[in-house]
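Structural features, examined
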Amino acid sequence: MTAITAAITVRSVEQALADAARAAEFGADLVELRIDSFTDDLPAITRLVERSPLPCVVTCRHVSEGGEFDGDEQTRIAALEHAGVGARKPAYVDLELAAYQTSANLRQKVHLVAPRNDTGLILSTHDFRGRPADLLQKVEAMAAEPNCRVIKAAWFARSLRDNLEAFELLRASYKPSIMLCMGEFGLPSRVLAKKFSALLTYAAVDPHTGTAPGQPTIAQLKKLYRWDAINSDTQVFGVVGDPLAHSLSPALHNAGFDATGYNGVYLPLRIPPEYEHFKATVGAWLDFPPLHFRGASVTIPHKENLLRFAHERGAEIDALTEKIGAANTLAVRDVGSLYVTNTDYAAALDAVCDSLGITRAQLRGKRIAVLGAGGAARAIVAAFTHHGCAVTIHNRTPAKAQALADQFAAQAAPLEKVRGEVVINCTSVGMHPNVDETPLPDLARLDPLPGVVFDTIYNPAETRLLRDAKAAGAHTISGMDMFYRQGAAQFELWTRLPAPLAAFRRALEPK
Ligand code: NAP
């Protein structure tokens, strides 16, 4: 069983015990008491370990490996020794490999505390710059040390690919191990530690109280990332994009897995914009079978990259997606082949028709102004021209609007000349965090005023554009109406289960 370990920076006994009590309440299994800056009051350290509501790891991390301790080794040893002199012992004591290797005296003293029957010795190595060149040698040195009960390596991930090496090391190790990637790219190593049978993963009690970059909170691990349900067979999905802070897809799909009992977990997977990053990362994840990477939602700026990747990998691409020229869904079939499609097309049509109470056939003849000419716009222009609408595209880069218009028998016009009964925003202007922006600052002066304004942005659910449109008397449609529909189609493709729409809606309600 992989233990959720609450990382607690000790400032006082009272504060640390209160944090540990909350960690236990949230569902942590262990606490890591970081006594880096709490080495002066030795009896207090003993008391703290004795009174901890959960079994504990005691760590006094040196500044050279990301901690706060910069005293001499005698002070550090005295602090660790006092952690182990009470009636209740720590479950583990963690010491850096580098320090352990440096001094025979230190090793001898540490062995007074760990390893013992009730206290294991974790040897660890941390690199906050990136993967250390000698990572494998360090892991081997820890593995070869008879007194080391647990091997721990943590390094700053430069890309999502670093997680795969962490998983490889967990799979290859014959000792209990902790392999973690730090930073935003390292989240998979923290959530999937359980899938790969790590000894533990670290989590923060509260946002911003973590002890390393990229640590999720206990609540995020348990509630958002389905910790209790994860096992070695869990199928892995994610949203690929950049940026991703606005994405509600993890909340949506993980709620869907919860509601249906499907053994899956869905993660944010940020990949920098260039195609080479997309290709290398998605390719590496697909080519690592133990991960069971079964699919992805693909968003800004990778929708066209996904299509290119699908061509290069010989994936099956549905004909409509090929025509749209942008894809938002990758699925790995049971036999391992890839299928790529676009669920935005149908989701946008259904969002508009359901909101207006009309059929797709009744769209014929409507005059539609589309703002933007990126991936979302491609699907929407394809959808509405196919259903007989007169579509005009307005984009910051006019050449892109013209190219899209030529492809789908639409018109292109400058952004200042927006006209139409229905206006659909397919730009990212107004999206979180830039919620005060709007692609149509002069909406109230449009002549004629549009009767319907649909903003595909779903975070926030009500954008400034929609607020302005409402104030001008237009019927408004939120991107949320499209978002959960495109997500439902993805969910059904991946799981072959009906999408639990009620659970999706609940997951998207503002908290
Ligand atoms: P994309 O391919 O990157 O396209 C972005 C578009 O926005 C481009 O046309 C770009 O113009 C324009 N744009 C960006 N910044 C701008 C600015 N400052 N001023 C004017 N125009 C600007 O992105 P996408 O995948 O199409 O996504 C676009 C939006 O659709 C996002 O907000 C996304 O959340 C939303 N979306 C929602 C759903 C849903 O289910 N509700 C589904 C898909 C997409 P240039 O061509 O000049 O760069």
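Calculation notes
- Residues numbered from 1 in each chain as written.
- Predicted model: local features only at pLDDT ≥ 70, side-chain atom pairs only at ≥ 80, totals over all residues.
- Heavy atoms only, no water.
- Helix = DSSP H or I, 4+ residues; strand = E, 2+ residues; numbered from the N terminus.
- Buried < 20%, exposed > 50% of the residue type's maximum accessible area, 1.4 Å probe, protein only.
- Areas by Shrake-Rupley, 256 points an atom, 1.4 Å probe, with all protein chains shown as cover.
- Lys, Arg positive; Asp, Glu negative; His and termini not counted.
- Charge placed at Lys NZ, Arg CZ, Asp CG, Glu CD.
- Near = heavy atom within 4 Å.
- Polar contact = N/O pair within 3.5 Å; in protein donor to acceptor, adjacent residues only side chain to side chain.
- Nonpolar A, V, L, I, M, F, W, Y, C, P; charged D, E, K, R; others polar.
- Pairing = 2+ DSSP bridges.
- Axes fitted to C-alpha atoms, helices over the stretch in contact; angles between N-to-C directions.
- Contact = heavy atoms within 4.5 Å.
- Core = buried A, V, L, I, M, F, W, Y, C linked by side-chain atoms within 4.5 Å.
- Salt bridge = Lys/Arg side-chain N within 4 Å of Asp/Glu carboxyl O.
- Phe/Tyr/Trp six-rings, centres within 6.5 Å; stacked < 30°, edge-to-face > 60°.
- Lys NZ or Arg CZ within 6 Å of the ring centre and 35° of its normal.
- Parallel < 35°, antiparallel > 145°, perpendicular 65-115°, else oblique.
- Left-handed = near helix turned anticlockwise from the far one by under 90°.
- Expected span 1.5 Å × (residues − 1).

1. A word on the overall build of the protein chain
- Scanning the protein chain from N- to C-terminus turns up 19 helices and 20 strands.
- A total of 511 residues make up the protein chain; the buried ones form 57% of that total.
- With an accessible surface of roughly 20600 Å², the protein chain has 52% of that area assigned to carbon and sulfur atoms.
- The protein chain carries 53 positive and 56 negative side-chain charges, and their two centres are separated by 3 Å.

2. Observations concerning the site of the ligand
- Near the ligand lie 24 residues; those nearest to it are Ala373, Ala376, Asn395, Thr397 and Thr456.
- Between the ligand and the protein, one listed contact pairs an oxygen atom with a side-chain N or O atom of Asn395 at 2.8 Å.
- Relative to its unbound accessible area of 930 Å², the ligand is 83% covered by the protein chains.
- Mapped by element, the contributors of at least two residues to the shell around the ligand are α15 (375-386) and α18 (479-495).
- With 4 residues, the top contributor of residues to the shell around the ligand is α18.
- When grouped by side-chain class, the residues that make up the shell around the ligand number 10 nonpolar, 10 polar and 4 charged.

3. A few points about the sheet that holds strand β3 (residues 56-59)
- Ordered in space as β7-β6-β5-β4-β3-β2-β1-β8, the 8 strands form an open sheet in which the pairing is parallel. Of all the strands in the sheet, the pair left with one neighbour each is β7 (177-182) and β8 (200-203). Pairs of neighbouring strands in the sheet enclose a mean axial angle of 25 degrees, with direction left out of account.
- Summarising the sheet, strand β4 (residues 92-96) and strand β5 (residues 120-127) pair through 5 bridges and their orientation is parallel. Paired with Glu96 across the two strands is Ser124, which belongs to β5.
- Against the sheet, helix α7 (residues 161-172) contacts β6 (150-156) and β7, and its axis sits at roughly 175 degrees relative to β7.

4. So, the nonpolar core
- Ranked by size, the top nonpolar core spans 96 residues in total, and within it Val31, Val191, Leu192, Phe278, Leu291, Phe293 and Val340 carry the most contacts.
- Leaving out residues up to four positions away in the same chain, Val191 has contacts with Leu221, Tyr225, Trp227, Ile230, Val265 and Leu267.
- Listed in part, the 36 residues of the second largest apolar core include Ala348, Leu363, Ala379 and Val381.

5. Regarding the pattern of salt bridges
- If you walk through the whole model with that rule in mind, you get 29 salt bridges.
- With a shortest N-O distance of 3.0 Å, Arg61 and Asp94 are connected by a salt bridge. Of this pair, Arg61 sits in the loop between β3 and α3 (73-83) while Asp94 sits in strand β4; the two residues are 33 residues apart in sequence, bridging distant segments of the chain.
- With a relative accessible area of 2%, Arg61 lands in the buried category.
- For the salt bridge of Asp287 with Arg313, the shortest nitrogen-to-oxygen distance reads 3.0 Å. Of this pair, Asp287 sits in the loop between α11 (275-286) and β11 (293-298) while Arg313 sits in helix α12 (residues 303-313), and the two are 26 residues apart along the sequence.

6. A closer look at the environment of Ala369
- Relative to the helices and strands, Ala369 resides in strand β15 (residues 367-371).
- Along the sequence, Ala369 and Pro450 sit 81 residues apart, while their C-alpha atoms lie 9.2 Å from each other.
- Excluding residues that lie within four positions of it along the chain, Ala369 makes contacts with Thr392, His394, Val418, Arg419, Val422, Val423 and Ile424.

7. Section: the packing of aromatic side chains
- One pass over the full model with this rule turns up 13 aromatic pairs.
- Taking 5.3 Å as the distance between ring centres and 35 degrees as the angle between the ring planes, the aromatic pair formed by Phe257 and Tyr262 counts as tilted. Of the two residues, Phe257 and Tyr262, neither departs from the other in class, the shared state being buried.
- Aromatic rings pair up to connect Phe237, Phe257, Tyr262, Tyr266, Phe491, Trp494 and Phe504 into one cluster.
- A cation over an aromatic ring shows up here: Arg107 above the ring of Tyr100, its NZ or CZ 5.9 Å from the ring centre.
- Residue placement shows Lys195 over the ring face of Phe196; its charged tip is 5.9 Å from the ring centre.

8. Considerations on the packing of α7 against α11
- Direction vectors running N to C along α7 and α11 enclose 20 degrees, while the axes themselves pass 9 Å from each other. Taken together, the axes of α7 and α11 are roughly parallel relative to one another. Of the two elements, α7 crosses α11, and the hand of that crossing is left-handed. Across the interface between the two elements, Arg161, Asn163 and Leu164 from α7 touch His277, Ala280, Thr281, Ala284 and Trp285 from α11.
- Along the lines of polarity and charge, the residues of the contact of α7 with α11 split into 4 nonpolar, 3 polar and 1 charged.

9. As for helix α10 (residues 249-260)
- Between its first and last C-alpha, α10 extends 16 Å over 12 residues, near the 16 Å set by a 1.5 Å rise per residue.
- Every buried residue belonging to α10 is among Ser249, Pro250, Leu252, His253, Asn254, Ala255, Gly256 and Phe257, and all of these are buried.
- Among the residues trailing α10, Gly261 stands out with phi positive, at a value near 75 degrees.

10. Considering the environment of Tyr100
- Mapped onto the secondary structure, Tyr100 falls in helix α4 (residues 97-102).
- Through-space distance from the C-alpha of Tyr100 to that of Gly27 is 32 Å; in sequence the pair is 73 residues apart.
- Excluding residues that lie within four positions of it along the chain, Tyr100 makes contacts with Leu95, Leu106, Arg107, His111, Leu121, Leu123, Glu145 and Asn147.
- For Tyr100, the side chain forms a polar contact with the side chain of His111, separated by 2.7 Å.

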